[in-house]
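Coordinates in review
One letter stands for each residue in the lines below.
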4 protein chains.
Amino acid sequence: MGSDSRPFAAGRPRPRALGFKLGTGEPGPRNAITDVEDVRVGHVTLYSGEVGGDGPIIRTGVTAVLPHGGNLFRDKVPAAAHVINGFGKAVGVTQIQELGVLETPIVLTNTLSVGVAFDGLVEQALRENGEICRSTGSVNPVVAECNDWLLNDIRGRHVRLEHVLAAIETAAEGDVAEGVVGAGTGMVCYGWKGGIGSASRVLAGDLGGNVVGALVLANFGRAEDLRIGSVPVGQVVTPPRDSNLGSTSGAEGSCVMIIATDAPASARQLGRVARRGQSGLARTGSFSEHGSGEYVFAFSTAATIPHWPEKEVRATGEAREDGPLMDALFEAAAEAVEEAIVNALFTAETVSGVDGFTAHALPTAVLEVRSR
Amino acid sequence: MGSDSRPFAAGRPRPRALGFKLGTGEPGPRNAITDVEDVRVGHVTLYSGEVGGDGPIIRTGVTAVLPHGGNLFRDKVPAAAHVINGFGKAVGVTQIQELGVLETPIVLTNTLSVGVAFDGLVEQALRENGEICRSTGSVNPVVAECNDWLLNDIRGRHVRLEHVLAAIETAAEGDVAEGVVGAGTGMVCYGWKGGIGSASRVLAGDLGGNVVGALVLANFGRAEDLRIGSVPVGQVVTPPRDSNLGSTSGAEGSCVMIIATDAPASARQLGRVARRGQSGLARTGSFSEHGSGEYVFAFSTAATIPHWPEKEVRATGEAREDGPLMDALFEAAAEAVEEAIVNALFTAETVSGVDGFTAHALPTAVLEVRSR
Amino acid sequence: MGSDSRPFAAGRPRPRALGFKLGTGEPGPRNAITDVEDVRVGHVTLYSGEVGGDGPIIRTGVTAVLPHGGNLFRDKVPAAAHVINGFGKAVGVTQIQELGVLETPIVLTNTLSVGVAFDGLVEQALRENGEICRSTGSVNPVVAECNDWLLNDIRGRHVRLEHVLAAIETAAEGDVAEGVVGAGTGMVCYGWKGGIGSASRVLAGDLGGNVVGALVLANFGRAEDLRIGSVPVGQVVTPPRDSNLGSTSGAEGSCVMIIATDAPASARQLGRVARRGQSGLARTGSFSEHGSGEYVFAFSTAATIPHWPEKEVRATGEAREDGPLMDALFEAAAEAVEEAIVNALFTAETVSGVDGFTAHALPTAVLEVRSR
Amino acid sequence: MGSDSRPFAAGRPRPRALGFKLGTGEPGPRNAITDVEDVRVGHVTLYSGEVGGDGPIIRTGVTAVLPHGGNLFRDKVPAAAHVINGFGKAVGVTQIQELGVLETPIVLTNTLSVGVAFDGLVEQALRENGEICRSTGSVNPVVAECNDWLLNDIRGRHVRLEHVLAAIETAAEGDVAEGVVGAGTGMVCYGWKGGIGSASRVLAGDLGGNVVGALVLANFGRAEDLRIGSVPVGQVVTPPRDSNLGSTSGAEGSCVMIIATDAPASARQLGRVARRGQSGLARTGSFSEHGSGEYVFAFSTAATIPHWPEKEVRATGEAREDGPLMDALFEAAAEAVEEAIVNALFTAETVSGVDGFTAHALPTAVLEVRSR
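These notes cover the structure that comes with them.

What counts and how
- Residues numbered from 1 in each chain as written.
- Chains lettered and ligands numbered in written order.
- Predicted model: local features only at pLDDT ≥ 70, side-chain atom pairs only at ≥ 80, totals over all residues.
- Heavy atoms only, no water.
- Phe/Tyr/Trp six-rings, centres within 6.5 Å; stacked < 30°, edge-to-face > 60°.
- Helix = DSSP H or I, 4+ residues; strand = E, 2+ residues; numbered from the N terminus.
- Buried < 20%, exposed > 50% of the residue type's maximum accessible area, 1.4 Å probe, protein only.
- Lys NZ or Arg CZ within 6 Å of the ring centre and 35° of its normal.
- Pairing = 2+ DSSP bridges.
- Axes fitted to C-alpha atoms, helices over the stretch in contact; angles between N-to-C directions.
- Contact = heavy atoms within 4.5 Å.
- Polar contact = N/O pair within 3.5 Å; in protein donor to acceptor, adjacent residues only side chain to side chain.
- Parallel < 35°, antiparallel > 145°, perpendicular 65-115°, else oblique.
- Left-handed = near helix turned anticlockwise from the far one by under 90°.
- Nonpolar A, V, L, I, M, F, W, Y, C, P; charged D, E, K, R; others polar.
- Buried area = accessible area lost by both parts, 1.4 Å probe.
- Salt bridge = Lys/Arg side-chain N within 4 Å of Asp/Glu carboxyl O.
- Least-squares fit on C-alpha atoms with pLDDT ≥ 70 in both.

Some points on the packing of aromatic side chains
Inspection of the entire model under this criterion finds 8 aromatic pairs over all chains. Ring centres 5.0 Å apart and planes at 65° place the aromatic pair Tyr-190 of chain D and Phe-220 of chain D in the edge-to-face group. In this pair, Tyr-190 of chain D is assigned in the loop between strand S7 (188–189) and strand S8 (192–193) and Phe-220 of chain D in the loop between strand S10 (211–219) and strand S11 (253–261), connecting sequence segments 30 residues apart. With a relative accessible area of 0%, Phe-220 of chain D lands in the buried category. Over the aromatic face of Phe-330 of chain C sits the side chain of Arg-276 of chain C, whose NZ or CZ is 3.8 Å from the ring centroid.

Regarding the pairing of strand S3 (residues 75–85) of chain A
Residue and element names in this part refer to chain A. Burial of S3 is extensive: 9 of the 11 residues sit out of reach of the surface. In this sheet, strand S13 (residues 305–306) lies alongside S3 in antiparallel orientation, the contact comprising 2 bridges. If you follow Lys-76 over to S13, its bridge partner there is Ile-305. Bridging between S3 and strand S4 (residues 101–102) involves 2 bridges; their strand directions are antiparallel. Directly across from Pro-78, in S4, lies its bridge partner Val-101. Bridge analysis of S3 against strand S12 (residues 292–300) gives 6 bridges, and the strand direction is antiparallel. Residue Ala-81 lies in a different strand from S12, and its bridge partner there is Phe-297.

Focus: the pairing of S11 of chain D
Within a regular beta strand, the side chains point alternately toward one face of the sheet and then the other, so they alternate between its two faces. Residue and element names in this part refer to chain D. With 9 of 9 residues buried, S11 lies mostly within the body of the structure. Of the two faces of S11, the one carrying Gly-253, Cys-255, Met-257, Ile-259 and Thr-261 and the one carrying Ser-254, Val-256, Ile-258 and Ala-260 are both buried. Pairing geometry for S10 and S11, over 8 bridges, is antiparallel. Note on S11: the bridge partner recorded for Leu-217 is Val-256. Across 9 bridges, S11 lies against strand S12 (residues 292–300) in parallel orientation. Bridge assignment links Met-257 to a residue of S12, and that residue is Val-296.

Thoughts on the sheet that holds strand S5 (residues 106–110) of chain A
Residue and element names in this part refer to chain A. Judged by pairing direction, the sheet is mixed, and its 4 strands sit side by side in the order S1-S2-S5-S6 without closing on themselves. Each edge of the sheet is formed by a strand with only one pairing partner; in this case those strands are strand S1 (40–48) and strand S6 (142–146). Taking the axes of each pair of neighbouring strands and ignoring which way they run, one obtains an average angle of 15° across the sheet. Relative to S5, strand S2 (residues 58–66) runs antiparallel, the two sharing 3 bridges. Each residue of the ladder has a partner; that of Thr-63, found in S5, is Leu-108. Strands S5 and S6 of the sheet are contacted by helix H2 (residues 114–128), whose axis makes an angle of about 155° with S6.

Details of the sheet that holds strand S2 (residues 58–66) of chain B
By way of backbone hydrogen bonds, the strands of a sheet pair with one another, either parallel or antiparallel. Residue and element names in this part refer to chain B. Strand order across the open sheet formed by 4 strands is S1-S2-S5-S6, with mixed pairing between neighbours. One side of each edge strand has no neighbouring strand; the edge strands of this open sheet are strand S1 (40–48) and strand S6 (142–146). Recorded for the sheet is a direction-independent mean angle of 15° between the axes of neighbouring strands. Along the sheet face, helix H2 (residues 114–128) touches strand S5 (106–110) and S6 and points at about 155° away from the line of S6.

Points about the environment of Ile-57 of chain B
All names here are of chain B. Mapped onto the elements, Ile-57 comes out in the loop between S1 and S2. By relative accessible area, Ile-57 is classed as buried at 10%. The spacing of Ile-57 and Asn-152 is 95 residues in sequence and 6.1 Å in space, taken between C-alpha atoms.

Regarding the side chain of Arg-283 of chain A
Following the sequence through the fold, Arg-283 of chain A ends up in helix H5 (residues 277–283). Within the structure, Arg-283 of chain A has its side chain in polar contact with the backbone oxygen of Gly-285 of chain D (distance 3.1 Å). Discounting residues that sit within four places of it in the chain, Arg-283 of chain A has contacts with Arg-227, Ala-334, Glu-335 and Glu-338 of chain A together with Arg-227, Ala-282, Gly-285, Ser-286 and Phe-287 of chain D.

Structural notes on the packing of H2 of chain B against helix H3 (residues 161–169) of chain B
All names here are of chain B. One way to put it is that H2 packs onto H3 with a least axis distance of 8 Å and a crossing angle of 60°. By the angle between their axes, H2 is oblique relative to H3. Seen along the crossing, H2 lies across H3 with a hand that is right-handed. Contacts between H2 and H3 pair Val-116, Ala-117, Asp-119, Gly-120, Leu-121, Glu-123, Gln-124 and Arg-127 from the former with Leu-161, Val-164, Leu-165, Ile-168 and Glu-169 from the latter. Considered class by class, the residues forming the contact of H2 with H3 number 7 nonpolar, 2 polar and 4 charged.

Thoughts on the interface of chain C and chain A
Each side of the interface is counted separately: chain C has 48 residues, and chain A has 48 residues. In total, about 3,800 Å² of surface goes out of reach between chain C and chain A, with carbon and sulfur atoms giving 54% of it. Counting the surface chain C buries against chain A, the share from its top three residues, Thr-94, Arg-134 and Arg-155 of chain C, is 18%. Inspection of the region where chain C meets chain A yields 4 salt bridges. Residue Glu-123 of chain A is joined to Arg-157 of chain C by a salt bridge in which the shortest nitrogen-to-oxygen separation is 2.8 Å. Connecting chain C to chain A are 24 residue pairs in polar contact (both at pLDDT 80 or more). Ranked by the residues each element gives to the side of chain C that touches chain A, the list is headed by helix H2 (residues 114–128) of chain C, at 8 residues.

A word on the side chain of Thr-63 of chain D
Residues and elements named next belong to chain D. Relative to the helices and strands, Thr-63 resides in strand S2 (residues 58–66). The exposure class of Thr-63 is buried, given its relative accessible area of 0%. At 2.8 Å, the side chain of Thr-63 and the side chain of His-43 are in polar contact. When near neighbours in sequence (up to four residues on either side) are disregarded, Thr-63 contacts Val-41, Gly-42, His-43, Ile-106, Val-107, Leu-108, Val-181, Gly-182, Ala-183 and Ile-196.

Some thoughts on the interface of chain D and chain C
Counting from both sides, the interface comprises 26 residues of chain D and, opposite them, 25 residues of chain C. A combined buried area of about 2,100 Å² lies between chain D and chain C, and 46% of that area is made up of carbon and sulfur atoms. Area buried by chain D at its contact with chain C is led by Glu-98, Glu-312 and Arg-320 of chain D, which between them contribute 30% of it. Applying the counting rule to chain D against chain C returns 8 salt bridges. Salt-bridge contacts for Arg-320 of chain D lead to Glu-312 of chain C; the nearest nitrogen and oxygen are separated by 3.4 Å. Counting the contacts that link chain D with chain C gives 13 residue pairs in polar contact (both at pLDDT 80 or more). Elements represented by at least two residues in the side of chain D that touches chain C include exactly helix H1 (93–99), helix H4 (267–275) and strand S14 (313–319) of chain D. At 7 residues, the largest contribution of residues to the side of chain D that touches chain C is made by S14 of chain D. Among the residues forming the side of chain D that touches chain C, the class breakdown is 8 nonpolar, 6 polar and 12 charged.

With respect to the relation of the copies chain C and chain A
Mapping chain C onto chain A is achieved by rotating through 180° and translating by 0.0 Å along the same axis, at an RMSD of 0.0 Å. In the structure described here, the two chain copies are related by an operation that fits a two-fold rotation axis. In terms of C-alpha distance to the rotation axis, chain C has Gly-115 of chain C as its closest residue, with the C-alpha 1.9 Å off the axis. Residue by residue, 100% of the interface of chain C is reproduced at the interface of chain A, so both copies engage with the same surface.

Below, the structure written as structure tokens:
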């Protein structure tokens, strides 16, 4: 699917593989959003064209996150959306805030491809649900984006409907590909190559062993601000600049955060969880620059809300508001977002793109030393 | 309690007593917020001093609305707060929006007495709950206000702690006193005497017979804008002006709306219900003037949320989002608010106050004619 | 452009042409949003296929509203977006709320065509602005929608990129076509044929003669709720039902409101103006049903905000917050929205569509009688 | 004023006095909110009663922040209020959000004294402005609070009206007392003694040399989470526990942040600045626990907005939205909040209070070592 000619085989090692821990909580077995049972992730990577070559330089893609593998329209999940910095073109936010449910996959892509991503989600929903706009109402596609203009020929709008559909259809449980993949293909983070990252936390057993997972599309930040754990990386190493994009401060960008949990939580409570995304983001050094559109989505897989319910009143589970579970969810959300961002930075390979700009892979040696 | 020397005995007749119906829904037996089982209303009326007399002219008071007669801190109710026009000094709004619960009575009073109302709610909560700020956290007092400056010596701040406590302690089920009573004593609405009004709707039997009640503190609007049902009252009758307050357009003021229901609804859903308050308000002619601070509170008595729960996860009932119950709640909320405002206007007697200003009772004859 | 085979020539008469006045304010010369100088409106109407015929029955279209005729990306206008009921798929809302500017036309279309409308706005912005995503950041397309499924083969997604571009390119000053036109082609309102409506108010001369205009896409409401001025129309006349869509209550739908003014107002103040959209809507009888997604956009043409400013600090005009201008803007916004909805109902012709469903033109005779 | 028997003379040294720098920006001469010209801070400290003694143990107070030394009601300043975690009893938030101005001092105190703080602000405003609620409308008192129950006999409500007035009246330019002072007297932060802290940043000269200052009331956080700069303090040192408050996790609490600047900014832009408070807070380790009510207020002194303006339209300055000034403001706000919190922790002395609980001063030696 697409044209994926990435000149590297796989992601580089994550920090934990190098012995570097972030935060105090325990990750799940995959340390990824897919540690939340039933959650699926799919990527379509569009990587083609060489610097100095003839065709367009394409460094973009699509990533889809699905709360479960069933029919999402018929079995919705409780959800929330939070806007940290509204400089972004996310779709579906206001309906999630009103109705508290997610009824499609969440699709991530580049800024100018939000329209086609919307179309893809509509196409997929109509295929699966003959009743939409016939015997029932409409569907709320959810799309978020970052601007990969530094590496990708974004004005060429190379994402097609079939790419969106493929990302959804190939979404799977299991390990999550990170770094230069899917929507993350052309993203830049803290001046280094960014992209997709994921992480998770398992809550202490006496909290029921619930899991919180995060997936981020990381495309933000100034090099000098990067902090990883207790290391002020941005004060130690600086990315080389192979570009003449003089007007670019590196502060343009965005960050999309998706938080999943299997803990019982109402939409209102998930809104509280989502607001902790900013805390995780800030721990990596960001102060949410003007140009960094930042949206957080949170959903729970603990229950589904049927589109065609049998009863007029449904029972829904809420965590005790002032019990230990809520704070555990908040902390896990912040930590998972923080680690997901760092995972994106560690795993992303160096990529060159339009105008000869190169986003370099973060050199992790400095961290390996410090973490000993 | 207080000094209540109102020179009239009781409220004038409500529109329904005169054969005038508003909206299409059916009211409950009392056509008041207390048709929602267990809801209680208490008033303390401060009415003393004569125009031209020696002492201060006091036309103010306190009204308390209680979701139930038990310990509200220990048995909270799901709740929402919506701001239509934030030009107002309501207290407790942001915590309701965050946590989705009401844990004290809602106290209404004049603008400059919000502090003492806060104190009264604290006092009452501390008396009942030795654990507050000892073995558990704090309590969230909820106060809203309107500015009765046109009739009342508001700068004298005549509301005392004991008035607030008395309004709470005397709150009772049953009929609700309306018009020139409690917090409504000095209020002006559409240029006429306003104050407290209440109304209710019983949902159709196949929706379970749930009840929606509203109580308003009506102190807003320009005379020419008043619409009652299908009658453009403000274009037909104009209040006489016995005042030299030349700078007063009559558009200063505010409206506080409290909506109660016994239908199952989450805090998010109650937020949706609260947002229909503006629809009810607008039907009476208001376009929410700049100076009209407008806050809506909504709560459900269908469930209580214990402060000291036995379980870490609680089951909570939500109405089916796209089922007939939600729309019925929305419609009932708008109609109950509309009728509560009109009830305030019909029942309020003429009151003279500071600076010789008189707020006249709405002459209802014109409506009686039109409604035939 | 498109395939416009509407079997009727032009809109029916508006209420004012029949001697029926709404509200108390004075409309501008066109009684339309284009009374605000420089504002432009463009429609592309897609009307083809006959009931019982072979091809798809297409009753849809695109409407574009432009604050001015220049380059909107380079000369943005202050703007606000308000969500009354977030059950809708509007795009661009969160960025307007964050940054307070509008930098593209506002495009209205059907629910499932939001993606292509986004694409059209991107296409138009990229054509005009070579710097987007090259030497400057991205662009924020603004799209809102209603669901025309009752009349239109909406699942066929017949709106194409060229339709969106044509609506923008043909947008013009002058009279605004209303009723069955553009995005309004397939819309249903209070059980009758709805669609596009527009209206305006000129503020009293001592307020500077500023103008407020509204354009609505009206596709909401239950027949029994319709109120026009002082006439409870919904209690007097009922639309015939030529359809077997048993599950359709008529309460599905939505309403998009666009409010323009040439008065000086900051984005925050425009937010206040936008919130009065609900007041105008409610005056026509709506209580904002669950299924009625309702979004309001407001912008001011009094100033433009350059994308490439010469100075780091710009001076911007704000109306005095508690002066007469603000209340005049609020009232005018509510009245213009109210009258725009009624104009849509008066001007729309009868349309038959999918499944043999017919949306009848509102019979206006009853109103002509009552208004005498 | 009050009864101030603190058994220690003055604040301990701040981190910068020990050679420890936070962030990358340059502080102003006082490294305090008062580096913003004309901003004033006043404290009244209530510290009396001994552990094991007879009388109540009072560890509380009042802190007032004034944007300027003139009549704030007549010369308001543009302002914003942001809610990170609404579990708190702040007053005045919704009116600031609606109208975008601050017209009283901001008063900080303990949770149960919000009512008296409201009263004090009313008293002060009425004294200065005979026209309030006579020939003009009301005034919007702004109060925020934290819960000092761990050290203070908060249920005794020892703050009196005169304390509030004294804090306002004695507010002065110049250095800001920190730590165990004013509203901070009984606060606990990250398990250590917290309280009042302040810091500032001067923007680079080519940005006009504008100043951003912060003042915080720090009463939040779990010991294990504390991060100071690049040092994970909470993983290195743990506060001794002299208390039997077994149910207290230390996560109860709150943080109030006040951000001042002399840069030109609209209320909307100040809202953006305020939202960066969470970023500063998170850098110190907090993930905004459930019980930590967190409110941010931001105001600009670059312009005043007259209550009695001469013109109906006023010119107001806005920073260029995508210019370097905005990002500089965001970064400075985050850094100033972060450093203000750390300043509170460094300067606060050990305090013992109710139930024999002791909040220990943070031992700073560990940091002095690490920062070399």
